[in-house]
Amino acid sequence: AQDGEEGLKKIQEFQPQICFLDIWMPGRDGIEILTEARQKFTQTEFIMISGHGTIETAVKSTKLGAYDFIEKPLSIDKIVITLNNLKNYLQEKEEKTALLNKLRKSLAIMGDTETIKQTKQLISRLAPTQSWCLITGENGTGKNLVAQNIHYFSSRASLPFIEFNCASVAEELIEGELFGIEKNSFPGIDKTRRGKIELCQGGTLYLEEIQDLPAFVQMKLLKLMQEKKFT
């Protein structure tokens, strides 16, 4: 395509898996076209090309959803390597999606009662959000299953789902288990130990029996929820 507008029409017609998109073009530049194309053609991957590339432009491109950024003069070797990397990425993405769908089916909450329907509706509303959530219910009613459904139907599904039972760890160890311990902070601590909160970064942390957390750990957890950071 000779310019961005023609390129958008060609993508619409051909629906390619991969599109090489120049930054400098007549009319609208490649960044503008990328912004529009990513919204319209979610199945197409974009590799940006520029003879006037800067780190800032490359970063902006990837933030807008481009897979990679190649500088001119174009090297066939670089193009082949990029395409192979993208092919592997798409294959892994496809395999991950298939595994997640299989997992979602195995975790399905069965039943057609009004309560079950309401629970499923709540899960579908919660899953796309980044909200904290309190799950209540008697023992054996499926709180863990609900937590897993929220995680595996969210955008975090491919990231860790970590469970931590607050009642199963000695009170003096809970803070370290959740928030981690720095090297040499106590005698015998010869290396930094990451806590569950850090280990599930980007994923989901499911705290069972949260009412058994000591008050001082509850306060530290509340501070984390308010400030989105911890020491």
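Our subject is the structure that appears above.
Residues numbered from 1 in each chain as written. Predicted model: local features only at pLDDT ≥ 70, side-chain atom pairs only at ≥ 80, totals over all residues. Heavy atoms only, no water.

### Brief notes about a nonpolar patch on the surface
(1) Moving on: Side chains of Trp132, Met219, Leu222 and Met225 sit close together on the surface and give an oily, nonpolar patch of about 400 Å² of accessible area.
(2) Moving on: With respect to the secondary-structure elements, Trp132 resides in the loop between α5 (114-126) and α6 (143-152). (Patch = residues over 30% accessible without salt bridge, like charges linked within 9 Å, V, L, I, M, F, W, Y side chains within 5 Å. Areas by Shrake-Rupley, 256 points an atom, 1.4 Å probe, with all protein chains shown as cover. Salt bridge = Lys/Arg side-chain N within 4 Å of Asp/Glu carboxyl O. Helix = DSSP H or I, 4+ residues; strand = E, 2+ residues; numbered from the N terminus.)

### Side note on the sheet that holds strand β3 (residues 68-71)
By definition, the strands of a sheet pair up through backbone hydrogen bonds, in either a parallel or an antiparallel sense.
(1) Moving on: In spatial order, the strands read β1-β2-β3; together these three strands make up an open sheet with parallel pairing. Looking at which strands have only one partner, the edges of the open sheet turn out to be β1 (18-22) and β3. On average, adjacent strands in this sheet sit at an angle of 25° to one another, irrespective of strand direction.
(2) Moving on: The pairing of β1 with strand β2 (residues 45-50) spans five bridges and is parallel. Each residue of the ladder has a partner; that of Cys19, found in β2, is Phe46. (Pairing = 2+ DSSP bridges. Axes fitted to C-alpha atoms, helices over the stretch in contact; angles between N-to-C directions.)

### Some points on helix α7 (residues 171-179)
(1) Moving on: All buried positions along α7 are accounted for by Ile174, Leu178 and Phe179. An end-on view of α7 places all buried positions within 90° of arc, on one side of the element.
(2) Moving on: Those residues of α7 hidden inside the fold are in contact with β4 (161-165), α8 (196-199), β5 (204-208) and α9 (215-227).
(3) Moving on: Gly180 sits one or two positions beyond α7 and adopts a positive phi of about 90°. (Buried < 20%, exposed > 50% of the residue type's maximum accessible area, 1.4 Å probe, protein only. Arc of directions from axis to C-beta. Contact = heavy atoms within 4.5 Å.)

### Focus: the packing of aromatic side chains
(1) Moving on: For the coordinates displayed, the defined rule picks out four aromatic pairs.
(2) Moving on: Taking 5.5 Å as the distance between ring centres and 35° as the angle between the ring planes, the aromatic pair formed by Tyr67 and Tyr89 counts as tilted. Placement of the pair is Tyr67 in the loop between α3 (55-63) and β3 and Tyr89 in helix α4 (residues 76-106), with a sequence separation of 22 residues.
(3) Moving on: Measuring from ring centre to ring centre gives 5.6 Å for Phe179 and Phe230, while their planes differ by 65°; the resulting arrangement is edge-to-face. Pair noted here: Phe179 is in helix α7 and Phe230 is in the segment after α9, with a separation of 51 residues, a long-range link. (Phe/Tyr/Trp six-rings, centres within 6.5 Å; stacked < 30°, edge-to-face > 60°.)

### Quick notes on the pairing of β2
(1) Moving on: Counting buried positions along β2 gives six out of six residues, so the element sits mostly inside the fold.
(2) Moving on: Burial along β2 is two-sided: Glu45, Ile47 and Ile49 facing one way and Phe46, Met48 and Ser50 facing the other are all buried.
(3) Moving on: With respect to chirality, the unit in which β1 leads through helix α2 (residues 30-40) into the neighbouring parallel β2 is right-handed.
(4) Moving on: For β2 and β3, the ladder comprises four bridges, and the chain directions are parallel. Each residue of the ladder has a partner; that of Ser50, found in β3, is Glu71. (Right-handed = clockwise from strand over helix to strand, strands pointing away.)

### Focus on the environment of Leu222
(1) Moving on: Mapped onto the elements of the fold, Leu222 is located in helix α9.
(2) Moving on: Sequence-wise, Leu222 and Asn85 are 137 residues apart; in three dimensions their C-alpha atoms are separated by 42 Å.

### Side note on the nonpolar core
(1) Moving on: Among the nonpolar cores identified, the biggest contains 16 residues, and Leu21, Leu34, Phe46 and Met48 are the most heavily contacted of them.
(2) Moving on: Where this core is concerned, the elements lending two or more residues are α1 (4-14), β1, α2 and β2.
(3) Moving on: Here this core takes four residues from α2, the largest share from any one element.
(4) Moving on: Discounting residues that sit within four places of it in the chain, Phe46 has contacts with Ile11, Cys19, Leu21, Leu34, Ala37, Arg38, Phe41, Ala66, Tyr67 and Asp68.
(5) Moving on: In terms of nonpolar packing, the next biggest core, distinct from the first, is built from 11 residues, Leu178, Ile197, Val217 and Leu224 among them. (Core = buried A, V, L, I, M, F, W, Y, C linked by side-chain atoms within 4.5 Å.)

### Describing the environment of Val169
(1) Moving on: Position of Val169 among the secondary structure elements: in the loop between β4 and α7.
(2) Moving on: Between the alpha carbons of Val169 and Leu213 there is a distance of 9.6 Å; along the sequence they are 44 residues apart.
(3) Moving on: Ignoring any residue separated from it by four or fewer positions in sequence, one finds Val169 in contact with Phe164, Ile174 and Glu177.

### Focus: the pattern of salt bridges
(1) Moving on: For the structure shown, the criterion picks out nine salt bridges.
(2) Moving on: Among the salt bridges present, the one from Lys72 reaches Asp22, with a minimum N-O distance of 2.9 Å. With a gap of 50 residues between them, Lys72 in the loop between β3 and α4 and Asp22 in strand β1 connect regions that are remote in the sequence.
(3) Moving on: A relative accessible area of 40% places Lys72 in the partly exposed class.
(4) Moving on: A salt bridge links Glu175 to Lys220, with the shortest nitrogen-to-oxygen separation between them at 3.0 Å.

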